[in-house]
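A closer look at the structure
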Amino acid sequence: MNKKIVLAVTLILTCAILACVFTACNNNGADGLSAYELAVQEGFEGTLEEWLQSLQGADGSDGVNGLDGNDVSIEEIYSLAVQNGYEGSYLDFLKEYLSLDLDDDTAAINTALLSSVKIECGFEITETVYNPVTGPQQSTYSATSSGSGVIYTLDKSAGDAYIITNHHVVYYSKSNTSDGISDDIRVMLYGSEDSDYAIEASYLGGSSTYDIAVLKITGSDILKNSQARAVQVADYHSANVGTTAYAIGNAAGEGISVTEGIISVDSEVISISDSTSGTSSSYRVMRVDAAINSGNSGGGLFNGQGQLIGIVNAKVSSSSIENIGYAIPVSIAVEVAQNIIDNCDGETVKTVQKYSLGISVAANSSKAVYDGYTMITKIVEEVIVDSVDESGIAYGQLENGDVVLSVSVNGVKTQVDRTFKIVDAMLCVREGDIVVFEIMRGGEALSVEFTASAEYIASVS
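Residues numbered from 1 in each chain as written. Predicted model: local features only at pLDDT ≥ 70, side-chain atom pairs only at ≥ 80, totals over all residues. Heavy atoms only, no water.

1. Concerning the pairing of strand β12 (residues 212-217)
What counts is decided by this rule: Note on classification: 1.4 Å probe, protein chains only; a residue is buried when its accessible area is under 20% of the maximum for its type, exposed when over 50%, partly exposed between these limits. We count a stretch as a helix when DSSP gives it H or I for four or more residues in a row; a strand needs E for two or more, and each element gets its number in order from the N terminus. Strands are treated as partners if at least two bridges between them are detected by DSSP.
The element β12 is extensively covered by neighbouring structure, given that 5 of its 6 residues are classed as buried. Inspection of the sheet shows strand β9 (residues 160-165) paired to β12 by 5 bridges, in the antiparallel sense. Within β12, the residue paired with I164 across the bridge is V214. Judged from the 5 bridges that link them, strand β11 (residues 199-207) and β12 form a sheet pairing that is antiparallel. Residue pairing across strands places S202 opposite K216, the latter belonging to β12. Hairpin connection from β11 to β12: 4 residues lie between these consecutive antiparallel strands, with D211 at a positive phi of about 55 degrees.

2. Points about the confidence of the model for the protein
As a reminder of what qualifies: For every residue, the predictor states its confidence as a pLDDT score lying anywhere from 0 to 100. For this analysis, residues touch if any pair of their heavy atoms sits within 4.5 Å.
Across the protein, pLDDT averages 85, with 81% of residues at or above 70. Here residues 12-32 scores under 50 on pLDDT; set against residues more than four positions off or in separate chains, the count is 123 contacts. Scored below 50 in pLDDT, residues 57-69 shows 23 contacts in the model against residues more than four places distant or in partner chains.

3. Quick notes on the nonpolar core
For soluble globular proteins, the rule of thumb is that nonpolar side chains tend to be buried together. Test applied: What makes a nonpolar core is a set of buried Ala, Val, Leu, Ile, Met, Phe, Trp, Tyr and Cys residues whose side-chain atoms join them at distances within 4.5 Å.
Counting residues in each nonpolar core, the largest one holds 26 residues, and the members touching the most others are I212, L308 and V336. For this core, the elements supplying multiple residues, two or more each, are β8 (135-155), β9, β12, β18 (307-316) and α8 (330-344). Here the element with the most residues in this core is α8; it accounts for 9 residues. Counting residues in each nonpolar core, the second largest holds 23 residues, with A394, V416, V448 and F450 among its members.

In structure tokens form, the structure reads like this:
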């Protein structure tokens, strides 16, 4: 069940990055390189997880012969070891089987640094100031804000990139621009954070509802000649409570730095008030205890393989509270960013275009479930249809009380064991896509299919 909390949360210009890597603790090469690092040195291209998967044969085996002469997988070897008294977890077994040290996260952190950027935004502001002698007078001045971002896609040969950041990094309600968005946005790569190396970027689109914006860089010679790389995106919903988190961002506007923590809560809803505009917004976030500071907003939160699991956007500011920061989950951040790219690039529209079924969902029950194989405890909900709008496309097809088992978009299925998974999935839908709900109604399994039409796609600012 999502918990909704209302706190004095400060929108901070923030960045976070999470990373971990496996390095060999035994059988190191002459230079002390891990088995994975040696593979990369020999030409392997891919993440550590992809390298581990590559150790298996094309048929899913790892090339080790069993007693019958057939190849057996690492999972089968682990299962056999457990049957014979092995008491460690699967990761413990991998550590011993492949001589891996899971405690050295340095390589992944340094890889993630190459996907992290510093962002500076300039604003021109005009305010009316009362002079006791001359009366009201208008005063115009310039202001600069600092934030962070991650490189989402990169074409280094062309010097082109899309950058994900927070909407509030590039927005100021008092700006003289018509939409409050900065018209002077500069991006700086890690190691080149001085203004002399600033790359001009344009605002492609964004959403204050999700606090995500996308910046576009075109034809940058600095990018062409850099070692920058696009961020690697983790599997959605792979981040669990206890996952190590490294916040890498433009703390205090002084350049990119690193702090460490863990994921404290994997999903909750917070309400944030904007002191300049007086508005309040709610966001679904992950809670982290890594130190988050002014200047960090918009940066990434990464897992142990250096893969993106979230975008940091807020912290609690209170003398009685320590180390409560928040990050937008990657399932929202990346899908919102991709939605913006698909709908805004080359178009006049600047906001998210979201498909709506006209339903609301709720958790009928919620409980903690421990998986002895992965050694992970997860919250599992029974998700039901709570209401159906008569004007929505789902009216007459979905009913109050339907238990939602899964939702598929163009054949890509998501098991629905949390209410937010349905909400997140709708961000993926484009006009003409096929959306399928598998439900239980009165003990009967049913499949309900929708075709996304423009009539039910609306802008979300």
